[in-house]
Amino acid sequence: MTFVLMMITWLVLSNMRDSFHLTLGVISSAIVAWFSSDMLFGTAPVDKKRNVAWYRFPLYIPWLLWEIVKANLWVLYLACHPRMRELIDPRIFHFKSRLKSRVAQVTFANSITLTPGTITVDVDWNGTFTVHALDEKLAAGLPGEMEDRVAHVFGED
């Protein structure tokens, strides 16, 4: 099934129908399907408690987009402020997250990185996050509400 999806994507995006490009498409799709087949269609048993993400995640996205807008405005303020050099105080900090599942941890790490002014540098699978923040205000907000919302999405609250 993964191969079929990759091949359809190849055909739609490349719009090349000659034998050379079709052969490349088949080879590329087969390689991608072989390496990533378990990502799209996993074979592990479904944990019904963790399956709540499918209907809760779409509710998380508007909240995340609003946080991204607010962080953008804050970074714009810092960048345009006359005393910018005094206000920007980059720091790397560590915190322990209560999230247990890897997909919840990855979602949390990506949400941090998507928010301007913060970047997830490292995630230890024991739940220790290393994050770079542009200033104290951005650092103070983590883990905070974002972790709570990700935990709620994945049923870890």
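Refer to the preceding data block for the structure.
These figures come from a predicted structure and were not determined experimentally.

Chemist: Pulling in residues and values, what's your account of the overall build of the protein chain?
Modeler: Regarding its fold elements, the protein chain presents seven helices and three strands. For the protein chain, the N- to C-terminal ordering of α and β elements is α-α-α-α-β-α-β-β-α-α. Within the protein chain, buried positions represent 32% of all 157 residues. In the protein chain, 65% of the contacts between residues at least 6 apart in sequence involve partners at least 24 apart. For the protein chain, the computed accessible surface area is about 10,400 Å², with 66% contributed by carbon and sulfur atoms.

Chemist: So what's going on with the side chain of threonine 118? Which residues, and what values?
Modeler: Assignment of secondary structure puts threonine 118 in strand E2 (residues 118-123). Only 2.6 Å separates the side chain of threonine 118 from the backbone oxygen of isoleucine 112, close enough to count as a polar contact. Apart from residues no more than four positions distant in its own chain, threonine 118 is found in contact with Ile112, Thr113, Val131, His132, Ala133, Leu138 and Leu142.

Chemist: Explain the packing of aromatic side chains to me, using residue names and the numbers behind them.
Modeler: As enumerated under the stated definition, the model contains seven aromatic pairs in all. Judged by centre distance (5.8 Å) and plane angle (40°), the rings of phenylalanine 57 and tyrosine 60 are tilted. Placement of both phenylalanine 57 and tyrosine 60 in helix H3 (residues 53-80) is noted, with a separation of three residues, approximately one turn of the helix. Looking at phenylalanine 57, the relative accessible area reads 30%, which means it is partly exposed. For tyrosine 60, a relative accessible area of 4% gives the class buried.

Chemist: How would you summarise the nonpolar core if you had to cite specific residues and measurements?
Modeler: Ranked by internal contacts, the top residues of the largest apolar core, which has 23 residues, are Phe95, Phe108, Ile112 and Phe129. Listing elements by their share of this core, those giving two or more residues are H3, strand E1 (91-96), helix H5 (102-114), strand E3 (128-133), helix H6 (136-140) and helix H7 (144-153). For phenylalanine 129, the residues in contact, after removing those within four places along its chain, are Phe93, His94, Phe95, Ser97, Gln105, Phe108, Ala109, Ile112, Thr120, Asp122 and Val123.

Chemist: An account of helix H1 (residues 2-14) is needed here, citing residue identities and associated values.
Modeler: Over its 13 residues, H1 runs 18 Å from end to end, which matches the ideal 18 Å to within 8%, given 1.5 Å per residue. Phi turns positive, to about 60°, at asparagine 15, one or two residues after H1.

Chemist: Let's hear about the sheet that holds E2: which residues, and what values?
Modeler: Taken in spatial order, the three strands line up as E1-E3-E2 in an open sheet, and their pairing is antiparallel. Either end of the sheet is taken by a strand with one partner, and the two such strands are E1 and E2. Taking each pair of neighbouring strands and ignoring which way they run, the sheet shows an average axis angle of 25°. Sheet topology places E2 next to E3; five bridges connect them, and they run antiparallel. Opposite aspartate 122, over in E3, you have threonine 130 as the bridge partner.

Procedures and definitions
- Residues numbered from 1 in each chain as written.
- Predicted model: local features only at pLDDT ≥ 70, side-chain atom pairs only at ≥ 80, totals over all residues.
- Heavy atoms only, no water.
- Helix = DSSP H or I, 4+ residues; strand = E, 2+ residues; numbered from the N terminus.
- Buried < 20%, exposed > 50% of the residue type's maximum accessible area, 1.4 Å probe, protein only.
- Contact = heavy atoms within 4.5 Å.
- Areas by Shrake-Rupley, 256 points an atom, 1.4 Å probe, with all protein chains shown as cover.
- Polar contact = N/O pair within 3.5 Å; in protein donor to acceptor, adjacent residues only side chain to side chain.
- Phe/Tyr/Trp six-rings, centres within 6.5 Å; stacked < 30°, edge-to-face > 60°.
- Core = buried A, V, L, I, M, F, W, Y, C linked by side-chain atoms within 4.5 Å.
- Expected span 1.5 Å × (residues − 1).
- Pairing = 2+ DSSP bridges.
- Axes fitted to C-alpha atoms, helices over the stretch in contact; angles between N-to-C directions.

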